[in-house]
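# Close look at the chain arrangement
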Amino acid sequence: MSEDYKFAGWVGKDKDCIGKMVWEEYTPKTWTEDDVDIKISHCGICGSDLHTLRSGWGPTMYPCVVGHEIVGTVVKIGKNVQHLKLGDRVGVGAQSGSCLDCGYCKAGEEPYCDHGQIGTYNSKYKDGSKSYGGYADYARVPSHFAFKLPENLPSELAASMLCGGVTVFSPLRQLGAGPGKRIGIVGIGGLGHYGILFAKALGADPVAISHSSSKKADAEKMGAVQFISTKDDPEWFKKNRRTLDGIVCTANNADMPIIQYCQLLKPHAKFILVGAPEEALKGFNAFPLIMNNNFIGGSAIGGSKDIQDMFEVAAKANVKPWIQLRNLKEANQAVVDMEAGNAKYRYVLVNEKHANKL
């Protein structure tokens, strides 16, 4: 099948490229009959994009095209692909490769593949070709990681769910979020706002935890039943001791007060990190964890089962993330605004030449 389109996008050239990406063509991954090509209509801006653009989590393989909250339509399909067809509206999240044979992959937990995961951008496939993300016109990915979207879920809403949404949906499920459970969400930003929305959708009582009360009104509109400010009330961890059945932490500052957060947990409860600081977490005393039988862990994005379950919950509960649409042509300014903390609460890039043709 011949292609009448080219792969071009916003390319980062070095660690100082935030706001300085260059639009140019690039060579996508080598085509296989398990792949699909996607005409991109929308792509969410994720904090991971900024970390990668500036090599915050380690050296980036420049040149790179970031963006792993991709929505678009299938325009080319491999002979081995059975679950999709040309013209399907699909989404691609942060992962675009794994072995698919180990126990974790077969259980729909591909992020924990025994052989490691391949990211949707800034990674290499087995043949050595690079993965490129969604700040672009087209994307080429293994079809296993392209998910057909529910008909009643608009593309602009689905986009940021593909990383931001599932990154908190997965640990919420791990915590058993549901009726009768009070779940703390630390950090009310792009991830944290999803934490509140999905905790509510699952039937739990979300408790918003933030350094100041500036986002209290927003958090309550999202569904938070309580707001805890760690800056405005120095006694916050004493007043709310043993009130939570679990915590999802979306903050990514290395000096976060983890032990104080954990004092909010009931015995046996878990504190799950999804925010990833660029520096090592500061040391903390293990004794309070031991005496309250609490557990600190982490959770990586979400596998295929989580993504499909999340879309089902989102469609059924009419989950509506707080997003702001930005033109793909203005991606440089959008990432600068994201870096400045101006998003309320996720930016979604719109490729207008494709979005208007859906």
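Preceding block: the structure.
Residues numbered from 1 in each chain as written. Predicted model: local features only at pLDDT ≥ 70, side-chain atom pairs only at ≥ 80, totals over all residues. Heavy atoms only, no water.

Our focus in this paragraph is the overall build of the chain. The helix and strand tally for the chain stands at 11 helices and 17 strands. Projecting the C-alpha coordinates of the chain onto the three principal axes gives extents of approximately 65 × 40 × 35 Å. The proportion of buried residues among the 358 residues of the chain is 58%. When contacts within the chain are restricted to residue pairs at least 6 apart in sequence, long-range pairs at least 24 apart make up 70% of them. In the structure as shown, the chain presents an accessible area of about 15,400 Å², 49% of it carried by carbon and sulfur atoms. (Helix = DSSP H or I, 4+ residues; strand = E, 2+ residues; numbered from the N terminus. Buried < 20%, exposed > 50% of the residue type's maximum accessible area, 1.4 Å probe, protein only. Contact = heavy atoms within 4.5 Å. Areas by Shrake-Rupley, 256 points an atom, 1.4 Å probe, with all protein chains shown as cover.)

Moving on to the environment of Asn285. With respect to the secondary-structure elements, Asn285 resides in the loop between strand E14 (270–273) and helix H8 (287–292). Along the backbone, Asn285 and Ala331 are 46 residues apart, and their C-alpha atoms lie at a distance of 43 Å.

Peptide bonds are mostly trans, and most non-glycine residues show a negative phi. The linkage connecting Tyr62 with the following residue, Pro63, adopts the cis geometry, with an omega of 0°. Mapped onto the elements, Pro63 comes out in the loop between helix H1 (47–53) and strand E4 (70–77). That bond from Lys344 to Tyr345 is cis: its omega, 5°, falls within 30 degrees of zero. Unusually for a residue other than glycine, Asn122 sits at a positive phi of about 60°. Examined against the element boundaries, Asn122 turns out to sit in the loop between strand E7 (118–119) and strand E8 (138–142). Residue class for Asn122 comes out partly exposed when judged on its relative accessible area of 22%. Notably, Arg242 is not glycine yet its phi reads approximately 55°, a positive angle. Looking at the element boundaries, Arg242 is found in the loop between helix H6 (236–239) and strand E13 (246–249).

Before going further, it helps to spend a moment on the packing of aromatic side chains. In this description, an aromatic ring pair is defined by two values, namely the gap between the centres and the angle between the planes. Counted by the stated rule, this structure contains 12 aromatic pairs. Where Phe169 meets Phe198, the ring centres are 5.4 Å apart and the plane angle is 75°; that geometry is what we call edge-to-face. Within this pair, whereas Phe169 is found in helix H3 (residues 155–174), its partner Phe198 is found in helix H4 (residues 190–201), the two being separated by 29 residues in sequence. A relative accessible area of 0% places Phe169 in the buried class. Between the aromatic rings of Trp236 and Phe237, the centroid separation amounts to 5.4 Å while the plane-to-plane angle is 80°, which identifies the pairing as edge-to-face. (Phe/Tyr/Trp six-rings, centres within 6.5 Å; stacked < 30°, edge-to-face > 60°.)

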